Amino acid sequence: MGGPALPPKENNLFKLIVKSYETKQYKKGLKASDQILRKFPEHGETLAMKGLILNCMDRKAEAFELVRKGLKNDLKSHVCWHVYGLLYRSDRDYREAIKCYRCALRIDPENIQILRDLSLLQAQMRELVGFVETRRQLLTLKPSHRNNWIGFAIAHHINHEPAMAVNILDAYEGTLEEDFPPESERYEHSEMLLYKATVLEEAGQPEKALEELAKKEEKIVDKLGLREHRASLYLQTNHVAEAEEIYRKLLDVNPDNYLYYEGVQKCLGLAPNGGIYTSEQVQKLEQVYNDLCKKYPRSAAAKRIPLDFLEEDAFKAAFEQYVRPVLKKGVPSLFSDLRSLYSHPRKVEMMEEVFLKIVTSLETSKTFPGSSDVESPSTYLWTLYLLAQHFDQRRQYEKALSYIDQAIAHTPTVIDLYLVKGRIKKHAGDPVAAAALADEARTMDLADRFLNSECVKRMLQADQVELAEKTAVLFTKDGDQHNNLFDMQCMWYELASGDSHFRQGNMGKALKKYLSVEKHYNDMVEDQFDFHTYCLRKMTLRAYIRMLRFQDHLHSHRFFFRAATSAIRCYIKLHDSPPKAVAEEQEAVIAGLPAAERKKMRQKLRKAEAKAKKEAEEKAKEEIAAVVTSKGGKKATHVSRPVDTDPDGDKLLHVEDPLSEALKYLRLLQEHSADALETHLLAFEVYFRKGKKLLALQAVKKQLVLDPSSPDVHRCLIRLFESLDKQPKPDSHADEIIHNVIAMERASLKELGSKSLLDVNRDFLEAHGDSLKHRAAAAEISLLLSPEAKSEAIKIVEDSSEDHASSFEKQWRATSKKWMASQGLCSCTSVVGDFFQRCSCCIKVVSTLCGIVPLFNIF
C-alpha cells in the first residue's frame, strides 16, 4: 500500500473491505470502510475502496467523488489508480481505464491482477501492440500458468504474427510431460492442438499443420473437426486423392452437408470459375451427382445441387424429379429452397413450364404428368401454393392472386395460404390488405408467436402503429411491450416501427427506434468483454478467434446498416425542416386569440401540462416497481427498471446540430460498409449540406466507382457541379486551392470531361432512355439546370416508351393511371405531381408501386 500505513486493527478491516467487495457483500464492506474513515478520514485507499463499493450499489456520482478524493490524498498508491480504472471500466470508458491501469503499473509494475485487467481492456479495444507486451509481462512473471502461454500466443495471432504464435505454442508444449493431458483436461488440450493447426495454416504452413495433426491424432477429441480440417489442408497442399477420400467418408456421416459436396467438387477439379461451369464440367458433374444420388437416395442436397449447374432439358428433367416428391409431402419451404434459381431467366421459364404442366395434370387427372398414380388433394393444394409464390416472384401479381385464391377456395383452413396472399398484396402495393390478411392468419392460431410477429410486421408496413403495438403486447411479458421487445433486442420490430414513424413524419419516434438498434450493437460489442477470460479458461480458442473477427465487422451487419442509414435520413430531414418547439407553436396559436381568450387558454394549457406530468410520474413509479412473478407463482420480486424520460424522442428531435449527429453514424458506415452505394449517397447528402465540397466530391467519385449508371449517382454528380458553377470566384488562398483541385478532378471525370452539364444530362438520357427510373432522374436534373423549361422536363417522363419498359414499370403505369382516374386526376398529373409539384397523393402511388422516388426528394 502507498501512503501512511494503517495500524494492525485497521489494516485487517481494510482486508475485510477487499474481501467484501470480491464476495459482493457490499453493506459489510461499507461498514468496515466507515470504521476506518472515522479514525483516518483522509486515508486514500480506504476512500477509493469505499467509492468502488458505492459504484456497485449504483451510486456512481458519490463513487467517483470518493475515488478522486482518495487518489488526490495518495497519488503514489497503485490501489487508488487501479480502483479509478475499475470505475471507468464499469462506466465503459475503456480508454480512461487503460490510462489509470498504466499509472498503477508505473508504481507497481509486477502486479499480476492489474496486468490481467489491462490485458482484457487492450483486447477489447484492439490495442494489439500493447496487448502483446502485457501478455509477455504476465508470462514472464508467471510462466507456470497455462493461460499465460495461450494468451501470449493469441496476442501474437490477432496481431497478425501467426508464426510467432506457433513458436510460443511449441515452447508451451515443451514444458508438458509425456503423459499429458490427464483425463480431466483432454478436451482443453485437444482444442489447443486444433488451434495450433489453424495458426499454422494461417502462417502459410499447411504441410506442417498436417504433420502436427497426424502426430497428435490420438490426443484430439473432436474427431469430426479433425477430419474436416485435414480434408481442407490436403486440398491446399494438392493432395486431392486424400482430400476426396475424407470428404466422401464425411458424406457417409452427413449426406446433406453442402460443404462436403463442395469439397468433393474441388477435389475433382470441378469447382466453378467465377460461378460459371464449362460444358465439360457439367457433363462430369452430372455423372458424379447421379452416382451420389444412388448412394444417398434420401439426401435432398444431392438432388438439389445439380439444379445450379444443369441447363436446358437436363435441368428441366432434374427439376421436375426434385419438386414432385416435395409437393407430395407438402413442404411449405420449397419455394425458399428454389429462390436462388430465379437469377437465371432461362431456368425461370423452364420452371414455370414444369409448374403449369404439373398443375394442369393434377386438375384434369389428379396425377403427375406421365404417371398413373392418383395423388392426394393436398398435392394439388401445394402446387397452387408454389405457383402463387412463383408468379409473385416474377411480379405477375394478378396471376399470383388467382392461384392463391384457388388454393384458399380448395382448403380454407391452411394458414400459410393467407400469409402468402398477404405478401402478394404487399408486393402489389396494398399494405392495408396485406395487414388484414396477416391478422386473419393470426386469429386462426392465437398461440403461434411467428404468426403474431408476421401480423405486427404487416401492420407496421401499413402504418397501423397503435394496432401493431396492441398485437405485439399479446406475446410480451406482463404486457410491457416496449421494455420487453427492447430487452429481447427485437430489431426487426424497431426497424419496421421506425420506418412507419418516418413515413408519417414522426421523426422523434423514428429516431428513438433506430437508435435503439444502435444500442443493441453497442451491447454486443460490450458482451465480448467477458469472453476474453472465459475462452482462455475453457480453451475454446478457435471459437474465440472467430468471435473476435466477427466483432471487428459487426457494424457491417444489414440491421445496423438499415438503422444507421435511416437515422442519417432523419437527421438530414431535421436539418432541412427544423421542428418548432411545442411552446412556440402554442404561443403562435394563443397570439391569434382575443385578449379575454388568451388568459383562459394559458390556464387550460397549464392544467393539461400538470396533468400530463402527474400521469408520467405515476407511470414511472409503476415501471420502477414492476412486479415480476415467476412461472411457478412461488415468489414475486421487484425489478428496478430505468425510466424512459423521453418516450416520444422529443430530445432527439431538438438536437442542436442534426448533421453532426448524422456524421457519427456516417463514419461508421464509411468504415464498415464502404462497398455499399447508399453509404456514399448519404455521405454526399451530408457533406453537400455542410458545404464541404471536397468531401462531397470524394463521395461522388466513390459512387461512380460502385455504379456509374445509377440514376441517384447521376443526380449527385450534376447537383454538385451545378452548385459549384454558381459559386463566386475564390477570394482566399485556401479557397483557390480547393477551386483548383475541383477543376482538376472535374477534368479527370470521364462522365463530365469538357461537356456542359446539360449535354451530360442529354447523354445520360440517351444511354438509359428505356428505364423509367433513369428518365425520372434526367427530368429532375433538366428542371434543375433549366427551371424555365418545365414542359421539356415533363415530356422526358411522358415520352417513356411502353415497348422498352419492364413489365413492372408497365404495371406501375397501368395501376397509376387507374388510381389517378379513381381520384379524378389524369396520369399526366400523377407524373407532374410526383416529380415536380410534390403532390402527396401521387408520391404515395409512385413510392408504393414502383419505389422510384429519388433519394434527395425524400429529404
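Going by the structure above, here's the rest.
Keep in mind the model is a prediction, meaning the values are calculated, not measured.

A. Representation of the environment of histidine 501. Locating histidine 501 in the fold gives a position in helix α29 (residues 491-503). Sequence-wise, histidine 501 and glutamine 464 are 37 residues apart; in three dimensions their C-alpha atoms are separated by 9.9 Å. Sequence-distant contacts of histidine 501, that is, excluding residues within four places in its chain, are made with Val465, Asn506, Lys509 and Ala510.

B. Fine view of the pattern of salt bridges. In this structure the tally under the stated criterion is 58 salt bridges. Where glutamate 127 meets arginine 95, a salt bridge forms, and the shortest distance between an N and an O atom there is 3.0 Å. A residue pair is termed long-range when its members are at least 10 positions apart, and glutamate 127 in the loop between α7 (112-125) and α8 (128-141) and arginine 95 in helix α6 (residues 94-107) qualify at 32 residues. Here glutamate 127 falls in the partly exposed class, since its relative accessible area comes to 23%. With a shortest N-O distance of 3.6 Å, arginine 542 and aspartate 222 are connected by a salt bridge. You can see arginine 542 sitting in helix α32 (residues 541-552) and its partner aspartate 222 sitting in the loop between α12 (206-215) and α13 (223-236), a full 320 residues away along the chain. Classification of arginine 542 by relative accessible area gives buried; the value is 18%. Salt bridges here are not isolated pairs; linked through shared partners, they connect Asp170, Glu173, Lys196, Glu212, Lys215 and Lys216.

C. Spotlight on the packing of aromatic side chains. Across all of its chains, the model carries 17 aromatic pairs by this definition. Measuring from centroid to centroid gives 5.6 Å for phenylalanine 315 and phenylalanine 319, while their planes differ by 20 degrees, and the two rings are stacked. Of this pair, phenylalanine 315 and phenylalanine 319 both sit in helix α19 (residues 312-329), separated by four residues, roughly a single helical turn. For phenylalanine 315, a relative accessible area of 0% translates into the label buried. Ring geometry for phenylalanine 531 versus tyrosine 534: centroids 6.1 Å apart, planes at 90 degrees, classification edge-to-face. Remark: tyrosine 534 and phenylalanine 531 occur in helix α31 (residues 531-538); sequence separation between them is three residues, near one turn of the helix. On the basis of relative accessibility, which here comes to 38%, the residue phenylalanine 531 falls in the partly exposed class. Exposure remark for tyrosine 534: the relative accessible area of 35% places this residue in the partly exposed category. Pairwise contacts between aromatic rings join Tyr261, Tyr277, Tyr289 and Phe309 into one cluster.

D. Seen up close, a nonpolar patch on the surface. On the surface, Leu694, Ile737, Ile738 and Val741 cluster together to form a nonpolar patch covering roughly 280 Å² of accessible area. Of all the elements, helix α41 (residues 733-748) adds the most residues to the nonpolar patch, at three residues. Structurally, isoleucine 737 can be placed in helix α41. The exposure class assigned to isoleucine 737 is partly exposed, which follows from its relative accessible area of 43%.

E. Main features of the side chain of asparagine 55. Locating asparagine 55 in the fold gives a position in helix α3 (residues 44-56). Judged by relative accessible area, asparagine 55 falls into the buried class, the value being 9%. A distance of 3.4 Å separates the side chain of asparagine 55 from the side chain of lysine 60, its partner in a polar contact. Contact partners of asparagine 55, with chain neighbours within four places excluded, come to Lys60, Ala63, Leu87 and Ser90.

F. Structural view of helix α21 (residues 345-365). Spanning 21 residues, α21 covers 30 Å between terminal C-alpha atoms, matching the ideal 30 Å at 1.5 Å per step. Taken residue by residue, α21 has Lys347, Val348, Met350, Met351, Glu352, Val354, Phe355, Ile358, Val359, Ser361 and Leu362 as its buried positions. Directly beyond the C-terminal end of α21, a positive phi value near 60 degrees is found at lysine 366.

G. Structural view of the packing of helix α14 (residues 240-253) against helix α15 (residues 258-267). Direction vectors running N to C along α14 and α15 enclose 155 degrees, while the axes themselves pass 9 Å from each other. Between α14 and α15, the crossing angle belongs to the class labelled roughly antiparallel. The interaxial crossing formed by α14 with α15 has left-handed handedness. Side by side, α14 and α15 meet where Val240, Ala243, Glu244, Tyr247, Arg248, Leu250 and Leu251 of the first sit next to Leu259, Tyr260, Tyr261, Gly263, Val264 and Cys267 of the second. Residue composition of the contact of α14 with α15, grouped by class: ten nonpolar, one polar and two charged.

Conventions used here
Residues numbered from 1 in each chain as written. Predicted model: local features only at pLDDT ≥ 70, side-chain atom pairs only at ≥ 80, totals over all residues. Heavy atoms only, no water. Helix = DSSP H or I, 4+ residues; strand = E, 2+ residues; numbered from the N terminus. Contact = heavy atoms within 4.5 Å. Salt bridge = Lys/Arg side-chain N within 4 Å of Asp/Glu carboxyl O. Buried < 20%, exposed > 50% of the residue type's maximum accessible area, 1.4 Å probe, protein only. Phe/Tyr/Trp six-rings, centres within 6.5 Å; stacked < 30°, edge-to-face > 60°. Patch = residues over 30% accessible without salt bridge, like charges linked within 9 Å, V, L, I, M, F, W, Y side chains within 5 Å. Areas by Shrake-Rupley, 256 points an atom, 1.4 Å probe, with all protein chains shown as cover. Polar contact = N/O pair within 3.5 Å; in protein donor to acceptor, adjacent residues only side chain to side chain. Expected span 1.5 Å × (residues − 1). Axes fitted to C-alpha atoms, helices over the stretch in contact; angles between N-to-C directions. Parallel < 35°, antiparallel > 145°, perpendicular 65-115°, else oblique. Left-handed = near helix turned anticlockwise from the far one by under 90°. Nonpolar A, V, L, I, M, F, W, Y, C, P; charged D, E, K, R; others polar.

Note that all results are geometric; they support no functional claim without further evidence.
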